[in-house]
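# Fold and geometry: a report
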Amino acid sequence: MKFDWRTNKDFWSGLLLLGFGFAGFYMALDYPFGSALRMGPGYFPRVLAGIIVAFGLFVTIRGIRSGEKVRGVWGWKPLAYITVSLVLFGWIMDRYGMVPALVVMFFVSALGGHEFKFKEVAILTVAMSVFAVAVFVYGLGLPYRLFWW
Amino acid sequence: MEIFSNLIFGFSVALSLQNLLYCFIGVFVGTAIGVLPGIGPLVTIAMLLPITFNLPPIPALIMLAGIYYGSQYGGSTTAILVNLPGETASVVTCIDGYQMARQGLAGPALAIAAMASFFAGCVGTLLIAVLGPPLAEWALKFGAPEYFALMLMALIAAACLAHGDMVKSLAMVFLGLLLGIVGTDVNSGMARFSFGIPELTDGVGFTVVAVGLFAVSEIVKNLETAEQQAVFTKDIKNLMPTLKDLKVSSMAILRGTAVGAFFGTLPGTGPSISSFASYMVEKKWAKDPSRFGKGAIEGVAGPEAANNAAAQTAFIPTLTLGIPGSATMALMLGALTIQGIAPGPQVMTSKPDLFWGLIASMWIGNALLVILNLPLVGLWVKLLKIPYRFLFPSILMFCAVGNYSVNNSAMDLYLVGVFGILGYVLVKLEFEAAPLILGYVLGPLMEENLRRALLISRGDPTVFFTRPISLAFMTASILILITMILPAMRRKKEDVYSGG
């Protein structure tokens, strides 16, 4: 197979490991290394990061050689909507209470799906929000404000 | 007989009204969510985990255990009825179970799966009661070098025997260990990898990692392509298997239970390899192997028994040694820790009500499964018809509210987002997340024991090879690595996972 860096599975896998390894090693340089007898807080992370870098190199090279491609399609759109919906939930929950947070979360995450019918999502939001308030706030007694007042 | 008095004590704990109720809720909710297509036990536990933190330790653990085997059982139902495995372990059940369902034998397939699970569950529970105490007593003698070597062996076994690429799984173990370091170092008080975020000085929240890596990534993966409407098999009419079915299955159940109990007890291996291995055993044992893949009832009975036996016995290393064998057990261990219980051999003596109560509740839970599931098959079928576009926002809701409730902080939700992205990228690049979470759970313990071991040996690393128990674990780790590097063994593992 021809090497195509854009779709090569192990090339990217290796880079991911190298990224984590180097970043971990670099950050751990700030922590005292110590010695095997008296390990500093930098000892274990630096050893681990070094091992991860080694794995990263191996996997990258293997990827360049084998040329195996990533299977299927990348779901960037659902990933973006779902991530944003979770972040918004947290942000709104802190400021405006649980109900607005749930409403925003349901609508934003539903946009990440394949079919978005406003009416359906609205019914689902109402039903599940009532359920959530009943279970979490009244059932489990979690101390959340429902709205911003 | 000490076992019996222990078990009776356990039942007295588990049969209290409160614990019985949580056991029932766990089993019921676990099955209901596990039945939903595309939602395996890991996702189910990950999404419900934070909610259980609001309960006292014993009911929380009992409920989690119920969710665990409930969702596993629910997963088999889905596998048989619509050919959609929720996790690797039920891939095997799909092969012959779905074929049986297509021939109008969905009822007997479900009934056999339930019987196999119940039988294996009973044996598994008994094994925990018998093997747990001596194992814990033995483990109390472990010093730091032994613990370090044992954890190393468990991690290597988990990475090598799991589904997927061994090299990448090993890399995931190390990445998990590194992730486990995030937070304040106990010895020096230094905050490591905290990026200046105050919330991270306590480490990355356990539920954050679990939900991000397992639930969020799974949802996104399911949303990649347009929704597939589940293809239904004919209606379920008759539930009872024929006498011939029972006869053929009973031996398969026994063999499956043995295979599952073996793999479940080993640290580092779990249900998925046992169900594949059991399928291979059944195929080898059968007089006419060509029936397999065309609806052989042994192909359902054996793996289902193995799956469940392993699911139960996996609690042995988790509860007695504090070493989880699979990602689900890592979640259980994390739940214990968050409840303020340090997992390890001392749990049995310091918290006998928790240990024995949990074991007794497992038996009760397994019995509940049989009683509940066959009459409720109609309900499960209805649940199966819910389209995914209603399901995934609802799952997210549980994940979001649950995670928020752990620390009442939005930061955890932002981190779930980060781990969701990481989890999805890992899935696409075909990294296994299970070794990562095992490494993450064991990371801090491993560093601590490595430190202590080298401190008592005055910095001499040969300490791991001069003490007999530690030497045995180290040798086993090296042997596992060597055998898995050999091409012949690697091919054998691939055979097992392809249904041999």
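Small disclaimer: the values here were computed from a predicted structure and weren't measured.

The subject of this paragraph is the overall build of chain A. Summing up its helical and strand segments, chain A has five helices and zero strands in all. Start at the N end of chain A and walk to the C end: the helices and strands fall as α-α-α-α-α. The buried share of chain A, taken over its 149 residues, is 39%.

Turning our eyes to something else, we now look at the packing of helix 14 (residues 327-338) of chain B against helix 20 (residues 433-456) of chain B. Residues and elements named next belong to chain B. Contact geometry of helix 14 with helix 20 gives a least axis separation of 9 Å together with a crossing angle of 30°. Comparing the axis directions of helix 14 and helix 20 gives the class roughly parallel. Here helix 14 runs over helix 20; the crossing is left-handed. From helix 14, Ala327, Ala330, Leu333 and Gly334 reach across to helix 20, where they touch Ala433, Ala434, Ile437, Leu438 and Val441. In the contact of helix 14 with helix 20, the residues fall into eight nonpolar, one polar and no charged.

Here we come to the confidence of the model for chain B. Residues and elements named next belong to chain B. Per-residue pLDDT for chain B averages 83, and the proportion of residues at 70 or more is 95%. Ranking the helices and strands of chain B by mean pLDDT puts helix 19 (residues 410-428) first, with 91, and helix 23 (residues 487-497) last, with 69. As a predicted assembly, this complex carries a pTM of 0.86 together with an ipTM value of 0.93.

Further remarks concern the nonpolar core. Ranked by internal contacts, the top residues of the largest apolar core, which has 220 residues, are Ala46 and Ile437 of chain B. Broken down by element, the residue count for this core peaks at 17 residues, all from helix 6 (residues 106-139) of chain B. Both of domain 1 (9-66) and domain 2 (76-139) of chain A provide at least three residues apiece to this core. If we skip the residues at most four places from it in the chain, Ile437 of chain B touches Gly176, Val209, Ala210, Leu213, Ala327 and Ala330 of chain B.

Trans is the common state for peptide bonds, and a negative phi is the common state for residues other than glycine. Residues and elements named next belong to chain B. Even without glycine at this site, Asn408 takes up a positive phi of about 50°. As for its placement among the helices and strands, Asn408 is situated in the loop between helix 18 (388-407) and helix 19. For Glu430, which is not a glycine, the phi torsion comes out positive at approximately 60°. Checked against the element boundaries, Glu430 lands in the loop between helix 19 and helix 20.

Rules used in this analysis
Residues numbered from 1 in each chain as written. Chains lettered and ligands numbered in written order. Predicted model: local features only at pLDDT ≥ 70, side-chain atom pairs only at ≥ 80, totals over all residues. Helix = DSSP H or I, 4+ residues; strand = E, 2+ residues; numbered from the N terminus. Buried ≥ 20, exposed ≤ 12 C-beta atoms within 10 Å, placed from the backbone. Axes fitted to C-alpha atoms, helices over the stretch in contact; angles between N-to-C directions. Parallel < 35°, antiparallel > 145°, perpendicular 65-115°, else oblique. Left-handed = near helix turned anticlockwise from the far one by under 90°. Contact = placed C-beta atoms within 7 Å. Nonpolar A, V, L, I, M, F, W, Y, C, P; charged D, E, K, R; others polar. pLDDT = per-residue confidence, 0-100. Core = buried A, V, L, I, M, F, W, Y, C linked by C-beta atoms within 7 Å. Domains from an automatic or database assignment.

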